[in-house]
Amino acid sequence: MLKGKVAIVTGSTSGIGLGIVRELARAGADLVLNGFGDVGEIEAIRRGIERDHDVRAVYDGADMSKGEAVRGLIAATVEKFGRLDILVNNAGIQFTAPVEEFPAAKWDAILSINLSAAFHGIAAAVPQMRKQRWGRIVNIASTHGLVASTHKAAYVAAKHGLVGLTKVVGLETAGSGVTCNAVCPGWVRTPLVEKQIGDIAAQRGISQKEASEELLAEKQPSLQFASPEQLGGTVAFLCSGAADQITGTTISVDGGWTAR
Ligand code: NAD
């Protein structure tokens, strides 16, 4: 389905990004992996994807907190592969605190990685996609791009911003063969959420299992985590012909969170 297409997935050394990379590789796309982590582990992931799916996979460690590095990732990909078809803006971080205690440096970091990186990546990728008359931009937002929770001022602001950016780019590229959409996951069990489960368990003196059950019970009516593979499947769908007319909108994968 995606044979011959080239995809960048930012923040794909872990969690949801890795699930997306695996599903796009399964569909035949060549991949650019990005994100932090142990060099040996990243190389093992990269080699595993090439071996399992008979695609080309390269790694680029560009830091998504730096606009120039994001634009450099796009330019380097076009130079290496001669094209760019799919950009998944997935890299993201979290920090929780009441707004009056929220450290300014954390606010800046979250806004730059979770929102500004997508702006820089999209701005650099759209000309190439327009030239090809085909492109898919998928922003991994969150239920927190649609509704709020306490103690997540920067994250909720960034994700709402990302949904707004998605709409603008959807409008600006409409009819060009390029689409831009946001995927809004609820709770997905990844290292990012594992840390929040650990914090709840420590604060409340309860087990990790009890903390994860509480986390789900509070927000996610299905009482089940979504999986990185399911998020990968959603992105692969948005890259399919069936999604040609889906643009400037959001798809929730949240077990019913935003239905109530
Ligand atoms: P994760 O911590 O498992 O993975 C985050 C990835 O981003 C890692 O590969 C990390 O190396 C990379 N990254 C972090 N800072 C970076 C930087 N400066 N430059 C480049 N890469 C960087 O987290 P995850 O849960 O897989 O989250 C992925 C995305 O999904 C995030 O945007 C997050 O906000 C979103 N999301 C997650 C959940 C969830 O429940 N896990 C829910 C909704 C949305």
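Residues numbered from 1 in each chain as written. Predicted model: local features only at pLDDT ≥ 70, side-chain atom pairs only at ≥ 80, totals over all residues. Heavy atoms only, no water.

Peer 1: Help me get a handle on the site of the ligand, residues and values and all.
Peer 2: Within the structure, the ligand sits among 31 residues, and Ser 14, Asn 90, Tyr 155, Val 188 and Thr 190 are positioned closest to it. A distance of 2.8 Å is found between an oxygen atom of the ligand and a backbone nitrogen or oxygen belonging to Ile 16. Burial of the ligand by the protein chains amounts to 93% of its free accessible area of 830 Å². Top element by residues in the shell around the ligand is helix α6 (residues 191-204). It accounts for three residues. Counting residues domain by domain, the shell around the ligand receives three or more from each of domain 1 (6-186 + 227-259) and domain 2 (189-225). (Near = heavy atom within 4 Å. Polar contact = N/O pair within 3.5 Å; in protein donor to acceptor, adjacent residues only side chain to side chain. Areas by Shrake-Rupley, 256 points an atom, 1.4 Å probe, with all protein chains shown as cover. Helix = DSSP H or I, 4+ residues; strand = E, 2+ residues; numbered from the N terminus. Domains from an automatic or database assignment.)

Peer 1: Talk me through helix α2 (residues 39-53); I want residue IDs and the actual numbers.
Peer 2: Taking 1.5 Å of rise per residue, 15 residues should cover 21 Å, and α2 covers 21 Å from first to last C-alpha, within 8% of that figure. Its buried side turned inward, α2 meets α1 (15-26), β2 (30-33) and β3 (57-59). Directly beyond the C-terminal end of α2, a positive phi value near 55 degrees is found at Asp 54. (Expected span 1.5 Å × (residues − 1). Contact = heavy atoms within 4.5 Å.)

Peer 1: Explain the packing of aromatic side chains residue by residue, including any values.
Peer 2: Aromatic ring pairs are described here by two measures, namely the spacing of the ring centres and the angle between the planes. Applying the stated rule across the entire model yields two aromatic pairs. When the centroid spacing of 5.6 Å and the interplanar angle of 90 degrees are considered together, the rings of Phe 95 and Phe 102 count as edge-to-face. Where Trp 187 meets Trp 257, the ring centres are 5.5 Å apart and the plane angle is 40 degrees; that geometry is what we call tilted. Of this pair, Trp 187 sits in the loop between β6 (178-185) and α6 while Trp 257 is found in the segment after β7 (250-253), placing the two residues 70 residues apart along the sequence. When the ring centre of Trp 134 is taken as origin, the NZ or CZ atom of Lys 5, which lies over that ring, is 4.3 Å away. Residue placement shows Arg 56 over the ring face of Phe 81; its charged tip is 4.4 Å from the ring centre. (Phe/Tyr/Trp six-rings, centres within 6.5 Å; stacked < 30°, edge-to-face > 60°. Lys NZ or Arg CZ within 6 Å of the ring centre and 35° of its normal.)

Peer 1: Hey, could you go over the pattern of salt bridges for me, with residue numbers and the actual values?
Peer 2: Here the structure, examined in full by the defined rule, presents twelve salt bridges. Residues Arg 46 and Glu 50 are paired through a salt bridge, measuring 3.2 Å at the closest nitrogen-oxygen approach. In this pair, Arg 46 and Glu 50 both sit in helix α2, four residues apart, roughly one turn of the helix. Lys 66 is the partner of Asp 63 in a salt bridge, and the nearest nitrogen-oxygen pair spans 3.2 Å. With a relative accessible area of 48%, Lys 66 lands in the partly exposed category. Via salt bridges that share partners, Glu 43, Arg 46, Arg 47 and Glu 50 belong to a single interconnected network. (Salt bridge = Lys/Arg side-chain N within 4 Å of Asp/Glu carboxyl O. Buried < 20%, exposed > 50% of the residue type's maximum accessible area, 1.4 Å probe, protein only.)

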